[in-house]
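Results of the structural survey
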Amino acid sequence: MVACPRCGESLVKRMTPPGVVYVCPDCEGRHVASPVLRTAGARGNFLNRVWLDAKHEDVERLLHCPHCHAAMAQVTARAGDHALDLDVCTYCNAIWFDHGELRAVPRDAAHVSETLSLKAREQAALLALQARREEEAAAPAESWPEGWLWLPAILGLPVECDEPALRGRPWITWSIAAALVLVFAATAFSLEPVVEQWGFIPALWSRHGGLTLATSFFLHAGVLHLLSNLYFFLVFGDNV
Ligand SMILES: [Zn+2]
Ligand SMILES: [Zn+2]
């Protein structure tokens, strides 16, 4: 026998379109599993909130689950203007609703509309469409990079649009960029011996005390290599 946690009366198993519901014939309380509630259109964020609250350590436990007899967590859930005191079994993934509480659970508009007349549904759809058009009209057009920036944008390179304002001049970024150019100029005509000495070799990562991890950043194989690295560095560096 599955007994009502409120009054001890035997619960009646009832098949409903969304799934099985256990109903107390005496106090009219209902025990409903979470998947059934979701199928019935109960709002996801409402159920998630209830579940998170039910998993708190210090929550009060008054009633026992009619199925597994574990103490159910008492959760106060907000539904519109009123508060519902629900009892949640986190083992069975189910909620006990006292008389009238189930009706107050917020539901998705799509499910609510099933109970409306055809005319009312049409009106609701038209209103939703109008609201969406107004929203789209109010939204600013997506900004397109100005000046020469359309070129890197087309090439798939990063371009800053509506970037956050800089809080100061990015001296460190500029200094490193200048050092990159200077090192490139100094090594352009005799790159190989420098790379052998200061390039990064994974199998010999600890050479020069591990310093090649950093020095390798300053070595570039050609002008294009240097320019593309500098471009990315200057676009992202100042934001860091
Ligand atoms: Zn009862
Ligand atoms: Zn249970």
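What counts as what
The numbering scheme is per chain: residues are counted from 1 as the chain's sequence reads. Chain labels run from A onward and ligand labels from 1 onward, assigned in the order the entries are written. The model is predicted, so local features are restricted to residues of pLDDT at least 70 and side-chain atom pairs to those at 80 or more, both for listing and for counting; the totals for chains, interfaces and linings are taken over all residues. For the purposes of this entry, the term helix denotes a DSSP run of H or I that reaches at least four residues, the term strand denotes a run of E that reaches at least two, and both are numbered from the N terminus. Here a residue counts as buried when 20 or more other C-beta atoms sit within 10 Å of its C-beta, as exposed when there are 12 or fewer, and as partly exposed otherwise, the C-beta atoms being derived from the backbone. Between any two strands, pairing holds if DSSP finds at least two bridges. Here the bounds of each domain stem from an automatic or database domain assignment. Geometry is summarised by axes, namely lines fitted to C-alpha atoms with helices restricted to the contacting stretch, and by angles between N-to-C directions that run from 0 to 180 degrees. Working definition of a contact: two residues with C-beta atoms, positioned from the backbone, lying within 7 Å. Joined through C-beta atoms within 7 Å, a set of buried Ala, Val, Leu, Ile, Met, Phe, Trp, Tyr and Cys residues constitutes a nonpolar core.

1. Some points on unusual backbone geometry
A positive phi angle, close to 65°, is found at His69, a residue other than glycine. In this structure, His69 sits in the loop between strand S4 (61-64) and strand S5 (71-79). The exposure class of His69 is exposed, given the 12 C-beta atoms found within 10 Å. The backbone of His208 sits at a positive phi, close to 50°, despite the residue not being glycine. Within the element layout of this structure, His208 appears in the loop between helix H7 (191-198) and helix H8 (212-215). Here His208 falls in the exposed class, since 12 other C-beta atoms lie within 10 Å of it.

2. Regarding the pairing of strand S7 (residues 94-97)
In regular strands, side chains alternate between the two faces of the sheet. Burial along S7 is two-sided: Ala94 and Trp96 facing one way and Ile95 and Phe97 facing the other are all buried. The pairing of strand S6 (residues 82-89) with S7 spans three bridges and is antiparallel. The residue of S7 that forms the bridge with Cys89 is Ala94. Hairpin connection between S6 and S7: a loop of four residues separates the two successive antiparallel strands, and Asn93 in this loop has a positive phi of roughly 60°.

3. What about the domain arrangement of the chain?
For the chain, the assigned domains are domain 1 (12-111) and domain 2 (147-237). Between the C-alpha centres of domain 1 and domain 2 the distance comes to 59 Å.

4. Some words on the sheet that holds strand S2 (residues 19-23)
Across the sheet, seven strands lie side by side as S1-S2-S3-S7-S6-S5-S4; this open sheet has antiparallel pairing. Each having just a single partner strand, strand S1 (12-16) and S4 make up the two edges of the open sheet. Pairwise comparison of adjacent strand axes, ignoring direction, gives a mean angle of 35° for this sheet. Strands in contact with helix H2 (residues 44-54) are S5, S6 and S7; relative to S5, the strand with the most contacts, it is inclined by about 140°.

5. Focus on the nonpolar core
Ranked by internal contacts, the top residues of the largest apolar core, which has 25 residues, are Val32, Val50, Val75, Leu86, Val88 and Ile95. Broken down by secondary-structure element, the contributors of at least two residues to this core are S2, H2, S5, S6 and S7. If sequence neighbours within four positions are ignored, Val32 has contacts with Val21, Leu37, Ala94, Ile95, Phe97 and Leu102.

6. Points about the pairing of S4
Where S4 meets S5, two bridges bridge the pair, whose relative direction is antiparallel. Among the inter-strand pairings, Arg61 is bridged to a residue of S5, identified as Ala73. Between S4 and the antiparallel strand that follows it, S5, lie six residues; His69 among them carries a positive phi value of about 65°.

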